[in-house]
Amino acid sequence: MIVKLENYNGKYKIVSLALSQVAKEDLLKDNLDFIYISDNDIRLYPENVVVSKDKNIIEKLRNAHDYDVYELWENGKFSEYYDDSSLDNYFFVTGKCNSNCVMCPSPDISRQKGGNTSVDTLIEIAKHIPTDAPHLTITGGEPFMVGPDIFRFFEFLGEKFECTDFLLLTNGRIFAVDSYLERFVEKAPKNSIVAIPIHGSTANIHDMITQSNGSFNQTKIGIKKLLKAGIHVELRIVVSRLNKDDIYNIAQMISDELSEVDYVSIMAMEMTGSARVNQDKVWISYVDAAQAAEDAALVLIENGIDVKLYNFPLCIVKKEYWTLCEKSISPDKVRYAETCENCKMKNACGGVFAGTMSMEKGELRAII
Ligand code: SF4
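As the structure is a prediction and not an experimental result, all values here were calculated from the model. (Residues numbered from 1 in each chain as written. Predicted model: local features only at pLDDT ≥ 70, side-chain atom pairs only at ≥ 80, totals over all residues. Heavy atoms only, no water.)

Let's shift gears to the sheet that holds strand S14 (residues 306-310). In spatial order, the strands read S8-S9-S10-S11-S12-S13-S14-S15; together these eight strands make up an open sheet with parallel pairing. Among the strands making up the open sheet, the edge pair consists of strand S8 (89-92) and strand S15 (325-326). (Pairing = 2+ DSSP bridges. Helix = DSSP H or I, 4+ residues; strand = E, 2+ residues; numbered from the N terminus.)

Shown next, in the form of structure tokens:
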């Protein structure tokens, strides 16, 4: 949610939200900046100054939750960062990336010139998030593009959140560097899993997709070092036209060389950003992508490796693989087609990405 608090003209700051008296007292006790919504106005604490009297905004924010976290900008823009009612919250570290994947759902410009959230700001946000948050994701771009300062953030997370599960999304190349690996092992929150994409079973295919020479070798070395250090690892395979004939081989390679990973997620694409620009090169039908995913899933299962299928609608996947399908698309991005209204599996189905909807040409069929 984004609104404008018309009377605010101070510095950029991170604030929590309090709707109830209990949350207000809690946040005062914790000495955190927060916004309190009363029936008549919106106040910034601990200063206790009125920042808005707009009834529409009061009404809108009444639908938010105690302990949500917002960014409050110099011009009064008030935008949600953390939703305390959701399991889908993430820290966005930077848009920059040292790879340049052809099917990346982010645009090229953000990987080249994307902004960073400073480590101090990330820590300030984390200070405002309740310690009982069940799950938090750390993502980019490539989070390690901000350099070793990121370890201050990991250290803070590790000290504050003892019960939270963390998912770190990274291309994994940095873990080929021993000094980074060692500091990560030392500083990472204890319930962390590192999710790393593998795009091909060979350097030729992987590096063609990442458009970064040497990335395959670095990623593989990084994964092996993480596993050796006892770090939990998820591997991700995104199925595109460029690797659909290699998905089976990737599964075989994982089974042969990286079988200690926690699980493998095989994913359908989100057709935004570079994926959309390169759609002629990367798009394949859901049916073709699911076929490749199912064949690979079978190899992994036969080798005792857990598999999840992300972003595949149930009507595309053979029934015997439905138990592998996750509702993986976040609520703000998920869409259903007209035919879905008649589908008896709609509640269990993860739907399709908003950005992929227009690529689907009549493949979805209501299950009745
Ligand atoms: S018809 Fe729609 S709701 Fe049903 S399985 Fe397909 S995508 Fe999901």
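That shown, we press on.
Another point: the pairing of strand S3 (residues 34-37). Across the two faces of S3 the burial is the same, with Phe-34 and Tyr-36 and Ile-35 and Ile-37 all buried. Pairing between strand S2 (residues 13-18) and S3: three bridges, direction parallel. Bridge assignment links Ser-16 to a residue of S3, and that residue is Phe-34. In sequence, S3 turns back onto strand S4 (residues 42-45) through a hairpin of four residues. (Buried < 20%, exposed > 50% of the residue type's maximum accessible area, 1.4 Å probe, protein only.)

Here we come to the sheet that holds S4. In spatial order, the strands read S1-S7-S6-S2-S3-S4-S5; together these seven strands make up an open sheet with mixed pairing. On the outer flanks of this sheet lie strand S1 (2-4) and strand S5 (49-52), each paired with one strand and no other. Strand-to-strand, the axes of this sheet are offset by a mean angle of 35°, without reference to chain direction. Where S2 meets strand S6 (residues 69-72), four bridges bridge the pair, whose relative direction is antiparallel. Bridged to Lys-13 within S6 is Leu-72. Along the sheet face, helix H4 (residues 119-128) touches S2, S6 and strand S7 (77-82) and points at about 15° away from the line of S2. (Axes fitted to C-alpha atoms, helices over the stretch in contact; angles between N-to-C directions. Contact = heavy atoms within 4.5 Å.)

So, on to the packing of aromatic side chains. Considering all chains together, one arrives at 17 aromatic pairs under this definition. Ring geometry for Tyr-12 and Trp-73: centres 4.6 Å apart, planes at 55°, overall tilted. Taken as a pair, Tyr-12 in the loop between S1 and S2 and Trp-73 in the loop between S6 and S7 lie far apart in primary sequence, 61 residues in all. Classification of Trp-73 as partly exposed rests on a relative accessible area of 28%. Taken together through their ring pairs, the aromatic side chains of Phe-91, Phe-144, Phe-151, Phe-153, Phe-154, Phe-175, Tyr-180 and Phe-184 make up a single cluster. Residue placement shows Lys-77 over the ring face of Trp-73; its charged tip is 5.1 Å from the ring centre. For the cation-ring pair, Lys-346 lies above Tyr-336, with the distance from its terminal atom to the ring centre recorded as 4.9 Å. (Phe/Tyr/Trp six-rings, centres within 6.5 Å; stacked < 30°, edge-to-face > 60°. Lys NZ or Arg CZ within 6 Å of the ring centre and 35° of its normal.)

Right, let's get into the side chain of Ser-240. Positionally, Ser-240 belongs in the loop between strand S12 (232-238) and helix H9 (247-257). Residue Ser-240 is classed as buried on the basis of its relative accessible area of 1%. Of the polar contacts made by the side chain of Ser-240, one reaches the backbone nitrogen of Leu-242; its length is 3.1 Å. Setting aside its immediate chain neighbours within four residues, Ser-240 contacts Met-103, Met-269, Val-282 and Ile-284. (Polar contact = N/O pair within 3.5 Å; in protein donor to acceptor, adjacent residues only side chain to side chain.)

A separate point is the domain arrangement of the protein chain. Here the protein chain is described as being made up of domain 1 (2-82) and domain 2 (89-333). Just the C-alpha atoms count here: the centres of domain 1 and domain 2 sit 34 Å apart. Listed as interface residues are 10 residues of domain 1 and, on the opposing side, 14 residues of domain 2. Both sides of the domain 1 and domain 2 interface together cover about 1000 Å² of buried area, and 68% of this is carbon and sulfur. Summed over the three residues of domain 1 that lose the most area to domain 2, namely Ile-14, Tyr-81 and Tyr-82, the buried surface amounts to 64% of that side. In this assembly, domain 1 and domain 2 are joined by zero salt bridges. Summed over the shared surface of domain 1 and domain 2, the number is three residue pairs in polar contact (both at pLDDT 80 or more). Mapped onto the side of domain 1 that touches domain 2, the elements with two or more residues apiece are S2 and S7. The dominant element in the side of domain 1 that touches domain 2, judged by the number of residues it contributes, is S2, at three residues. In terms of residue class, the side of domain 1 that touches domain 2 is built from eight nonpolar, one polar and one charged. (Domains from an automatic or database assignment. Buried area = accessible area lost by both parts, 1.4 Å probe. Salt bridge = Lys/Arg side-chain N within 4 Å of Asp/Glu carboxyl O. Nonpolar A, V, L, I, M, F, W, Y, C, P; charged D, E, K, R; others polar.)

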